[in-house]
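Fold and contact review
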Number of protein chains: 2
Amino acid sequence: MIRTPTVLDRLLEISALFQQDMARAFAGTGLTPARTHLLWVLADHGPSTQQALATAMRVSPRNVTGLVDALDRTGHVRRGPHPTDRRAKIVSLTESGTLAMSEMARDHERLSAELMAAVDSSDADGLLRGVDAIATHLRAMVEAEASTVEQEER
Amino acid sequence: MIRTPTVLDRLLEISALFQQDMARAFAGTGLTPARTHLLWVLADHGPSTQQALATAMRVSPRNVTGLVDALDRTGHVRRGPHPTDRRAKIVSLTESGTLAMSEMARDHERLSAELMAAVDSSDADGLLRGVDAIATHLRAMVEAEASTVEQEER
DNA sequence: TATTGTTATACTCTATAACTATA
DNA sequence: TATAGTTATAGAGTATAACAATA
């Protein structure tokens, strides 16, 4: 029984294709999706403690230790002392990490233009409003689930 | 410098939200994204050899061994003999695995309806055509990259 | 006492390479 | 000789729990 693909089907397919494309793009750069996520958060928030990174990434502090270890080895980030709290460490992008992020931002722009060129211009507005609405709905949904879990944990 | 989110930004956000939602939905069921992917392929293709599964999932045969081991332990699939090739094994869904897939299909329908309800009906057509066009473009892009890699490997 | 980061441990997903049993 | 699946090994991402240093 074949069903015409729905918007949801397409969005799920697009998610899978993004993952495949990124995995391919990272191959050979020493970066991975998780490490790039950390760099991205760092570029967005500026130099941060590992606690702050763990919270922003919704990941365990232990996990951040491992990702920062790896990114430090590849020279993308460095750990510096916290000015007032001697327990904490400030993670910041190196020149090389900053450069990698700039390149990624440029690729992002290019892909964005390329995708919109593939879309019929009469559909562009409806598309943007549609994905906006869907993102908003999903954001609220995931948020609600997260608080339910927290409730249960009490 | 704040930029108005583009369609690409939203699609990437939606991908991340899907992943979070699925991870949450799987918690406690014994299923994971990778194992569910295998069940999905099995439901779609019918009973298959592990080779066929590995090819369909674009994953190593070794990986399929591990996933089938896990799904066999949880009772979602079983390994049976191949009728003519004694090297091969036929993996098929158990009653429990079939049931899990039905529930997932039902959840999928429900989510699809829920998302479309969040979209302004005047945007629905443009949205569907837009995501179709983008999926088509990405599919071709990933396909092209895959063949480039194969070329390089020769 | 509470918090920051790390060590210890474990599980999942993934890959390649070598091996066994069959084709 | 080639193919199907497994064992062996390894690396990445993730988590919890226990611990040290510091707040």
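Let me begin by describing the structure that accompanies this report. Position labels on residues start from 1 in each chain and follow its written sequence. Just so you know, chain letters begin at A and ligand numbers begin at 1, following the order they were written in. It should be noted that, the model being predicted, local features are given only for residues of pLDDT at least 70 and side-chain atom pairs only at 80 or more, the latter also being counted only at that level, while totals for whole chains, interfaces and linings use all residues. Hydrogens and water molecules were not included; the side-chain quantities draw on all heavy atoms of the structure.

What follows covers the side chain of A:Ser112. Only DSSP runs of H or I reaching four residues or more are called helices, and only runs of E reaching two or more are called strands; each is numbered from the N terminus. Along the chain, the position of A:Ser112 falls in helix α5 (residues 95–118). Burial classes: relative accessible area under 20% of the type maximum marks a residue as buried, over 50% as exposed, and values in between as partly exposed (1.4 Å probe, protein chains only). What makes A:Ser112 buried here is its relative accessible area of 12%. Note on contacts: a residue pair qualifies if any of its non-hydrogen atoms lie within 4.5 Å across the two residues. Setting aside chain neighbours within four positions, we find A:Ser112 in contact with B:Thr6 and B:Leu8.

With an RMSD of 0.1 Å, the fit of chain B onto chain A corresponds to turning through 180 degrees and sliding 0.0 Å along the axis. In short, the pair behaves as if placed about a two-fold rotation axis. Minimal C-alpha distance to the rotation axis in chain B is attained by B:Leu127, lying at 2.0 Å. Interface overlap between copies: 100% of the residues of chain B at the interface are likewise at the interface in chain A, consistent with a symmetric, same-surface contact. We place the copies in one frame by least squares, fitting the C-alpha atoms of every residue whose pLDDT is at least 70 in both.

Across residues other than glycine, the phi torsion is negative in most instances, and most of the peptide bonds are trans. You will see that A:Arg58, though not glycine, has its phi angle at about 55 degrees, which is positive. You can see A:Arg58 is positioned in the loop between α3 (50–57) and α4 (61–73).

Our focus in this paragraph is the sheet that holds strand β1 (residues 48–49) of chain A. What links the strands of a sheet is backbone hydrogen bonding, and the strands pair in either a parallel or an antiparallel sense. Residue and element names in this part refer to chain A. Here, a strand pair is defined by DSSP locating no fewer than two bridges between the strands. The sheet built from three strands is open, its strands ordered β1-β3-β2 with antiparallel pairing. In this open sheet, the two strands that pair with only one neighbour each are β1 and β2 (77–81). Bridge count between β1 and strand β3 (residues 89–93): two bridges; the pairing is antiparallel. Bridge pairing in β3 links Thr49 to Ile90.

This brings us to the packing of helix α1 (residues 7–26) of chain A against helix α5 (residues 95–118) of chain B. Note on method: axes are straight lines fitted to C-alpha atoms, helices fitted across the in-contact stretch only, with angles between N-to-C directions ranging 0 to 180 degrees. Their axes nearest at 9 Å, the elements α1(A) and α5(B) cross at an angle of 105 degrees. With respect to α5(B), the element α1(A) is oriented roughly perpendicular. Packed against α1(A), whose contacting residues are A:Val7, A:Leu8, A:Asp9 and A:Leu12, the element α5(B) presents B:His108, B:Leu111, B:Ser112, B:Leu115 and B:Met116 at the interface. Under the scheme applied, nonpolar residues are Ala, Val, Leu, Ile, Met, Phe, Trp, Tyr, Cys and Pro; charged residues are Asp, Glu, Lys and Arg; polar residues are all the others, including Gly. Here the contact of α1(A) with α5(B) is built from residues that sort into six nonpolar, two polar and one charged. Comment on the angle field: the value is read as roughly parallel under 35 degrees, roughly antiparallel over 145, roughly perpendicular from 65 to 115, and oblique elsewhere.

So, about the interface of chain B and chain A. If you look at the interface, chain B gives 48 residues, while chain A gives 48 residues. Across the chain B/chain A interface, buried area totals approximately 4,800 Å², and carbon plus sulfur atoms make up 70% of it. Accessible area that two parts lose when put together, with a 1.4 Å probe and added across both, is what the buried area reports. Together, B:Val7, B:Leu8 and B:Arg24 form the three largest contributors to the area buried by chain B at its contact with chain A, with a combined 12%. A salt bridge links B:Glu13 to A:Arg139; the shortest N-O distance between them is 2.5 Å. Polar contacts, as used here, are pairs of N or O atoms within 3.5 Å; protein pairs need one atom able to donate a hydrogen and one able to accept it. Residues neighboring in sequence count only if both atoms are side-chain atoms. Between the two partners, chain B and chain A, sit eleven residue pairs in polar contact (both at pLDDT 80 or more). At the level of secondary structure, the elements contributing two or more residues to the side of chain B that touches chain A comprise α1 (7–26), α5 and α6 (124–153) of chain B. Here the side of chain B that touches chain A gets 18 residues from one element, more than from any other, and that element is α6(B). For the side of chain B that touches chain A, a count of residues per class yields 25 nonpolar, nine polar and 14 charged. Put simply, a salt bridge is a Lys or Arg side-chain nitrogen that is within 4 Å of an Asp or Glu carboxyl oxygen.

Moving on: the protein's contact with DNA strand D. Whether a residue is near a molecule or strand depends on its heavy atoms: if one lies within 4 Å, it is near. Surveying the vicinity of DNA strand D reveals 21 residues, the closest of which are A:Thr32, A:Arg86, B:Gln51, B:Thr65 and B:Arg87. Backbone atoms, meaning sugar and phosphate, make up 75% of the atoms of DNA strand D lying within 4 Å of the protein. Between DNA strand D and A:Arg35 there is a distance of 3.0 Å, counted from a phosphate oxygen to a side-chain nitrogen or oxygen. Elements with a contribution of two residues or more to the surface near DNA strand D: α2 (33–45) and α4 of chain A together with α3 (50–57) and α4 (61–73) of chain B. The residue makeup of the surface near DNA strand D, split by class, is four nonpolar, eight polar and nine charged.

Below, the discussion takes up the packing of helix α2 (residues 33–45) of chain B against α4(B). Residue and element names in this part refer to chain B. Viewed as axis vectors pointing N to C, α2 and α4 meet at an angle of 90 degrees, and their least axial separation amounts to 10 Å. Here α2 is positioned roughly perpendicular relative to α4, judged by the angle of their axes. On α4, the residues touching Ala34, Arg35, Leu38 and Leu39 of α2 are Val64, Leu67, Val68, Ala70 and Leu71. Tallied by class, the residues present in the contact of α2 with α4 amount to eight nonpolar, no polar and one charged.

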